[in-house]
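For reference, the chains in residue letters:
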Amino acid sequence: MDSSSLTMPMSDPNAWATAMNNLGMPPMGLTGQPLMPDFDPNLGMMAGITPMNPMMPGLGMVPTPVSQDVPMVKEIIHCKTCTLFPPNPNLPPPATRERPPGCKTVFVGGLPENANEQLIVEIFGQCGDITAIRKSKKNFCHIRFAEEGTVDKALFLSGYRIRLGSSTDKKDSGRLHVDFAQARDDLYEWECRQRMLAREERHRRKMEEDRLRPPSPPPIVHYSEHECSQLGDKIKDDSKFAEAVRVLLTWLERGEVNRRNANNFYSMIQSSNSHIRRLMSEKSQHEKEMEEAKEKFKTALAGILAQFEQIVSVFQASSKQKAWDHFSKAQRKNLDMWRKQAEEIRNMHNEQLMGIRREEEMEMSDDDMEDPPDSKDSEDSGVSQAEALKEENDSLRCQLDAYRNEVELLKQEQGKNQPIRSEEDSTHSQQLSFLQQALQGMQKQLLKMREELKQREAELQKSSEDKQQLKTQVQNLKEGLQKLQSAQSGTEGMLHGSAVTSSPFVVPLGIISTFLHVHPFGASIEYICSYLQRLDTKINPSEVEALLSRLPCTFRQELTGVGASLEKRWNFCGFQGIKSA
């Protein structure tokens, strides 16, 4: 900020100049002119204190906004051509609109009618640099400053009464109202600044990502006989296996395999496959170490819990009346707090140990819950074993082919290197013998696997035949059950049909059965109808007799008496079949 900033009103210029001189600032007058032309900021300063900015909060005419709880004191401001009188401190602060982003423009209303642009510059120019003034004929204007912070200083003047000189005319007085104004230029500059900050932030992030990005891997060489031989040695080395496999994978993805080097690639792939057993052993070793670490942790945790139990028991013993009465109040409070903390920690560790034990019990229960394989599972396992044997047979064949290729390569090398020393010939012969022995062993193993495969197939065929027989038996049982059900349903249908055809006698049929059951020597049709007509007068004896005659399995008619005393009686015989059975 330049030295033409607003200054506070002062009653004694000399005292004001002395105070500013002691602070290391150039003393300024009411009009912004220096009071001491030959001011030296290095004079009157204490050692180690740097000169202060005259526009620091509390030193200029417009202090920085303070908290609303602290009352702000505004005083009379004397300018060259006008005087500014502060508003009533008891009145509420003037209302302002929401501040637009990047606001550098203020609205000033309530100007005197005789105010001109020079007066506006005189009043607001001391707040900061003014870039543009747009004055209207209706006693207001818009002022655009060079800095955003200047707007807050201009808002401090809101509510002041202005008077030009000593005139009392209405045209020479007014009440200032300063508020934020929304201008397109301010918004454009603010958006440009935000875009610039966003670009800088993106650039900074990109630089940070580039700095933290891991270095690119070295390029992988192309295939050659020399590189292939070196890669084969690296694949066999456990320490260089990962790097070598990456090179092999790249060669395979590039499509550098052809008929001439297919055997070399096959040998490298076979060497890679030989590392599976090593990796499985390493995995089992790590699992064993993990189990040992778990046991060690569990043992240590149990020891810690035992010590916690001892500490808690110490606190419990100290809380008994024999020892508790001898402690002071502060000591009892500390002992109680320590006991609670120890119990909480003890319970937390105990829950952790119980959680570990529950997990182990769940794992054991999961293992116990596995049911033994039934016949279907055994068949599936037999199929899977047969497929596994086939795959192993194929792998053995591929290994035999690889050994044969190696033997052929050795023979070719031996034929090419005829003039080589006898030691190399002996080594080649030894290698050939070893390969032949390995080949014979692989052939024997292949024959054995074929025999096992045949046995498995025979067992699978036998199990399939047994399964087919079981299916036929189940089918026969189902057919017999269906026949029984159909016969039973036919009997029930007959009974139901008879009941349906004589629907009015559904209820009397049950009553007739009960009535005849309690009359073991039978009853005549008239006796039966007389009993039924007490329930329903519409019952006809002929219809009842027809109904009983339709059910010979349930009701049977007998003749009793001789000659003129001959009588027809009906008996209930529904339970005779059950008794005979």
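Residues numbered from 1 in each chain as written. Predicted model: local features only at pLDDT ≥ 70, side-chain atom pairs only at ≥ 80, totals over all residues. Heavy atoms only, no water.

In the nomenclature of an unreviewed UniProt entry, the chain corresponds to Ecto-NOX disulfide-thiol exchanger 2 from the organism Oryzias latipes. The UniProt entry for the chain carries the following comment under Sequence similarities (unreviewed entry): "Belongs to the ENOX family." (UniProt positions renumbered as here; feature names shortened; annotations may be inferred.)

### Thoughts on the overall build of the chain
Along its length, the chain carries 16 helices and 10 strands. Counting only residues that meet the buried cut, the chain has 25% of its 581 residues in that class. (Helix = DSSP H or I, 4+ residues; strand = E, 2+ residues; numbered from the N terminus. Buried < 20%, exposed > 50% of the residue type's maximum accessible area, 1.4 Å probe, protein only.)

### Some words on the sheet that holds strand S8 (residues 177–180)
The strand order S4-S5-S3-S8 describes an open sheet built from 4 strands, whose pairing is antiparallel. Both outer strands of the open sheet, strand S4 (130–135) and S8, are each paired with one neighbouring strand and no more. Within the sheet, the average angular offset between the axes of one strand and its neighbour, ignoring direction, is 20 degrees. Two strands pair when backbone bridges link them, and strand S3 (residues 105–109) and strand S5 (residues 140–145) are joined in this way by 5 bridges, in the antiparallel orientation. Residue pairing in the sheet places Phe 107 in a bridge with His 142 of S5. Sheet strands touched by helix H2 (residues 117–124): S3, S4, S5 and S8. Its angle to S4, the strand with the most contacts, is close to 135 degrees. (Pairing = 2+ DSSP bridges. Axes fitted to C-alpha atoms, helices over the stretch in contact; angles between N-to-C directions. Contact = heavy atoms within 4.5 Å.)

### Some details on the packing of helix H5 (residues 225–236) against helix H6 (residues 241–254)
Here H5 crosses H6 at 140 degrees, and the two axes come no closer than 8 Å. In terms of orientation, H5 lies oblique with respect to H6. For the pair H5 and H6, the crossing hand works out as left-handed. Two secondary-structure elements touch here, H5 through Glu 227, Cys 228, Leu 231, Lys 234 and Ile 235 and H6 through Phe 241, Ala 244, Val 247, Leu 248 and Trp 251. When the residues that make up the contact of H5 with H6 are grouped by side-chain class, the tally is 8 nonpolar, no polar and 2 charged. (Parallel < 35°, antiparallel > 145°, perpendicular 65-115°, else oblique. Left-handed = near helix turned anticlockwise from the far one by under 90°. Nonpolar A, V, L, I, M, F, W, Y, C, P; charged D, E, K, R; others polar.)

### Notes on the sheet that holds strand S2 (residues 82–85)
Taken in spatial order, the 4 strands line up as S1-S2-S6-S7 in an open sheet, and their pairing is antiparallel. Edge strands, defined here as strands with exactly one partner in the open sheet, are strand S1 (77–78) and strand S7 (173–175). When S1 meets S2, the two strands line up antiparallel, connected through 2 bridges. Residue pairing in the sheet places Ile 77 in a bridge with Leu 84 of S2.

### Some words on helix H7 (residues 262–273)
Counted at 1.5 Å a residue, the expected span for H7 with its 12 residues is 16 Å, and the 16 Å between its end C-alpha atoms agrees. Along H7, the residues classified as buried are Phe 265, Met 268, Ser 271 and Ser 272. Each buried residue of H7 lies within a common arc of 120 degrees when the element is viewed along its axis, so the set occupies one face. Among the structural elements, H5, H6 and helix H8 (275–318) are those in contact with the buried residues of H7. (Expected span 1.5 Å × (residues − 1). Arc of directions from axis to C-beta.)

### Describing the UniProt feature "coiled-coil region" (unreviewed entry) in the chain
UniProt records the feature "coiled-coil region" (unreviewed entry) at residues 269–303, using the numbering of this structure. Counted over residues 269–303, helix gives 97% and strand 0%. Its end C-alpha atoms are 51 Å apart.

### Digging into the packing of aromatic side chains
Per the counting criterion, the structure on display carries 8 aromatic pairs. A centroid spacing of 5.2 Å and a plane angle of 75 degrees characterise the contact between Phe 515 and Tyr 527, whose relative ring orientation is edge-to-face. Taken together, the residues span a long stretch of sequence, with Phe 515 in helix H13 (residues 506–517) and Tyr 527 in helix H14 (residues 525–532) at a distance of 12 residues. Residue classification places Phe 515 among the buried residues on the basis of a relative accessible area of 8%. Considering the side-chain rings of Phe 555 and Phe 572, the 6.0 Å spacing of their centres and the 65 degrees angle between planes classify their relative orientation as edge-to-face. One end of the pair, Phe 555, is in strand S9 (residues 555–560); the other, Phe 572, is in strand S10 (residues 567–572), with 17 residues separating them in the sequence. One exposure class covers both Phe 555 and Phe 572, and it is buried. We note Arg 278 situated over the ring of Phe 241; from NZ or CZ to the ring centre the distance is 5.8 Å. (Phe/Tyr/Trp six-rings, centres within 6.5 Å; stacked < 30°, edge-to-face > 60°. Lys NZ or Arg CZ within 6 Å of the ring centre and 35° of its normal.)

### With respect to the pattern of salt bridges
The full count for this structure, using the stated rule, is 19 salt bridges. Residue Arg 204 is joined to Glu 201 by a salt bridge in which the shortest nitrogen-to-oxygen separation is 2.4 Å. Remark: Glu 201 and Arg 204 occur in helix H4 (residues 184–212); sequence separation between them is 3 residues, near one turn of the helix. Taking the relative accessible area as the measure of exposure, Arg 204 reaches 46% and is therefore partly exposed. Overall, Glu 201 belongs to the partly exposed group, its relative accessible area being 29%. The network of salt bridges with common partners includes Lys 104, Arg 144, Asp 186 and Glu 189. (Salt bridge = Lys/Arg side-chain N within 4 Å of Asp/Glu carboxyl O.)

### Observations regarding a negative patch on the surface
On the surface, a cluster of negative charge is contributed by Glu 287, Glu 291, Glu 359 and Glu 363. Contributions of two or more residues to the negative patch are made by H8 and helix H10 (329–368). Mapped onto the elements of the fold, Glu 359 is located in helix H10. (Patch = residues over 30% accessible without salt bridge, like charges linked within 9 Å, V, L, I, M, F, W, Y side chains within 5 Å. Areas by Shrake-Rupley, 256 points an atom, 1.4 Å probe, with all protein chains shown as cover. Lys, Arg positive; Asp, Glu negative; His and termini not counted. Charge placed at Lys NZ, Arg CZ, Asp CG, Glu CD.)

### Looking at the layout of surface pockets
Of the volumes computed, that of the largest pocket is approximately 1,100 Å³. Along the walls of the largest pocket sit 31 residues, with Ser 267, Met 268, Gln 270, Ser 271 and Glu 406 positioned nearest its centre. Elements supplying a minimum of two residues to the lining of the largest pocket: H5, H7, H8, helix H11 (375–416) and helix H12 (422–501). For the lining of the largest pocket, the element with the most residues is H11, which contributes 10 residues. Of the residues belonging to the lining of the largest pocket, the class tally is 10 nonpolar, 14 polar and 7 charged. (1 Å grid on protein atoms, 1.4 Å probe; cavity = no way out; pocket = protein on both sides within 12 Å on 5 of 7 lines; lining within 4 Å. Points joined across faces, edges and corners; volume = space filled by probe spheres on them.)

### Some remarks on the nonpolar core
Within the largest apolar cluster, 29 residues are counted, with the highest numbers of intra-cluster contacts made by Leu 84, Val 108, Ile 123, Phe 124, Ile 143, Phe 145 and Leu 157. Mapped by element, the contributors of at least two residues to this core are S2, S3, H2, S5, helix H3 (149–155), strand S6 (161–164) and S8. With 4 residues, H2 is the single largest residue contributor to this core. Beyond its immediate sequence surroundings of up to four residues, Leu 84 is in contact with Glu 75, Ile 76, Ile 77, Ile 123, Leu 157, Tyr 160, Arg 161, Ile 162 and Leu 176. Grouped together as the second largest cluster of nonpolar side chains are 17 residues, Ile 512, Leu 532, Leu 551 and Phe 555 included. (Core = buried A, V, L, I, M, F, W, Y, C linked by side-chain atoms within 4.5 Å.)

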